[in-house]
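Secondary and tertiary structure notes
Given next are the chains, with one letter for each unit.
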Amino acid sequence: MPEMPEVQAHVERMTDALAGATLERFQLINFAGLKTFDPPADAAVGTKLLAVERRAKYLLLRFENDLTHVVHLMQGGRLRPDPKQSKKPRNGIARWVFTDVPDDGVPAWLLTEAGTERKAGVWAVRGDVEAQPPLEGLAPEADQLSRDELAAILARQSRRLHGVLRTQSVVSGLGRMLANEILFEAGISPFANAAKLTDDEVDRLHASIGSVVAAATDHERTLDDIGKSVDRPSKVHNRAGEPCLGMADEPCGGSCDDTIRTVEYRKYTVYYCPSRQTGGKVLADNTTSKFLK
Ligand SMILES: [Zn+2]
């Protein structure tokens, strides 16, 4: 799933490609893809696109008339230039057609969703987007929290840290891959109780959220589109069974000759280095855990 770095780089691409554009047409291709009915999404037709922004993992197309199209890509969604504008695009959900796009820009953008989840979609929202679904209740951006704000948030979450980091009402913008990478970087167990971290662990977690998100965003900015998670640089994510890339001068101390381990859940996998993150302990990977969040 695209997380905050991928969505951030993408809204920057869209901002460049659509500066000064006006919405000429909004075409709903799959009706299940529009998650709201009032205001109508095509109330934005004829108005200027003021900005393309990001909030957590959502893209925001902000139009005049105080109307915003909020887009979530979920697992397999993509929003791409659509030079062909075919009548029945494969996996198509919705299409935006603009006029007055910059020179050599593509006027149409198509939202598609591959796979079977059918959850990607568009919300048309008038007014304060933060106070209405789907953004209502979203926590602050993970990488915008001060160290003490992060500490205060974690103190209220007496459960496994990996799940806490992925809970958008607690901290927003992070998903499975970033949670794996951040915890590795910080040298903290994915099963650590978030409310019981030491001051030193909170320091390391705060620093690694910042550095991992920044590095991932820098990488995404070098690409032309949101890629696949298997192609994103990682130190533990998607590296089960591979030698750990831990360095001698990093928090776990000492060079690492361990192997990346996993805890398998029904819909995702937790990756970690035992030497670096759990004091060498291999985390339980029993059948019961497949049914927990
Ligand atoms: Zn290691």
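For the structure, see preceding data.
Now for a description of the structure that goes with this document. These figures come from a predicted structure and were not determined experimentally. (Residues numbered from 1 in each chain as written. Predicted model: local features only at pLDDT ≥ 70, side-chain atom pairs only at ≥ 80, totals over all residues. Heavy atoms only, no water.)

Digging into the layout of surface pockets
Selection criterion: Grid points spaced at 1 Å and placed over the protein atoms alone form the basis of the search, with a cavity being a set where a 1.4 Å probe fits but cannot get out and a pocket an open set showing protein on both sides within 12 Å along at least five of seven lines. Lining residues have an atom within 4 Å of a point. Grid points are joined across faces, edges and corners, and a volume is the space filled by probe spheres set on the points. Counting from the N terminus, the helices are the DSSP runs of H or I reaching at least four residues and the strands are the DSSP runs of E reaching at least two.
The calculated volume of the largest pocket comes to roughly 1300 Å³. Forming the walls of the largest pocket are 44 residues, and the residues nearest its centre are Met1, Arg166, Arg176, Lys267 and Tyr268. Of all the secondary-structure elements, those providing two or more residues to the lining of the largest pocket are helix H3 (161–165), helix H4 (176–186) and strand E10 (269–272). Residue contributions to the lining of the largest pocket peak at three residues, all from E10. Considered as a void within the structure, the second largest pocket measures approximately 270 Å³ in volume.

Here's the deal with unusual backbone geometry
Across the junction of Asp38 and Pro39, the peptide omega takes the value 0°, indicating a cis bond. As for its placement among the helices and strands, Pro39 is situated in the loop between strand E1 (22–28) and strand E2 (49–55). For the peptide bond that leads from Pro133 to Pro134, omega is 5°, which places it in the cis range. Within the fold, Pro134 resides in the loop between strand E8 (121–126) and helix H2 (147–155). A positive phi angle is found at Asn65, which is not glycine, with a value near 70°.

Topic: the sheet that holds E1
Condition: Any two strands with at least two DSSP bridges between them are considered paired. Here, axes are lines fitted to C-alpha atoms. For helices the fit covers the stretch in contact, and angles between N-to-C directions go from 0 to 180 degrees. Note on contacts: a residue pair qualifies if any of its non-hydrogen atoms lie within 4.5 Å across the two residues.
Reading across from one edge, E1-E6-E7-E5 is the order of the four strands in this open sheet, with antiparallel pairing throughout. In the strand order of this sheet, the two ends are held by E1 and strand E5 (77–81), each with one partner. For this sheet, the mean angle separating the axes of adjacent strands, direction not counted, is 15°. Bridge count between strand E6 (residues 92–99) and strand E7 (residues 108–113): five bridges; the pairing is antiparallel. Within the sheet, the bridge partner assigned to Gly92 lies in E7 and is Thr112. In the packing of helix H1 (residues 4–18) onto the sheet, contacts are made with E5, E6 and E7, and the angle to E7 comes to roughly 155°.

Quick notes on H4
As a reminder, the rule being used: Note on classification: 1.4 Å probe, protein chains only; a residue is buried when its accessible area is under 20% of the maximum for its type, exposed when over 50%, partly exposed between these limits.
When you tally the buried positions in H4, you get nine out of eleven residues, the bulk of the element. For H4, the set of buried residues is Met177, Leu178, Ala179, Asn180, Glu181, Ile182, Leu183, Phe184 and Ala186. Contacts made by the buried residues of H4 are with H1, H3, helix H5 (199–220), E10 and helix H6 (274–277). Following H4 by one or two positions, Gly187 adopts a phi angle in the positive range, close to 70°.

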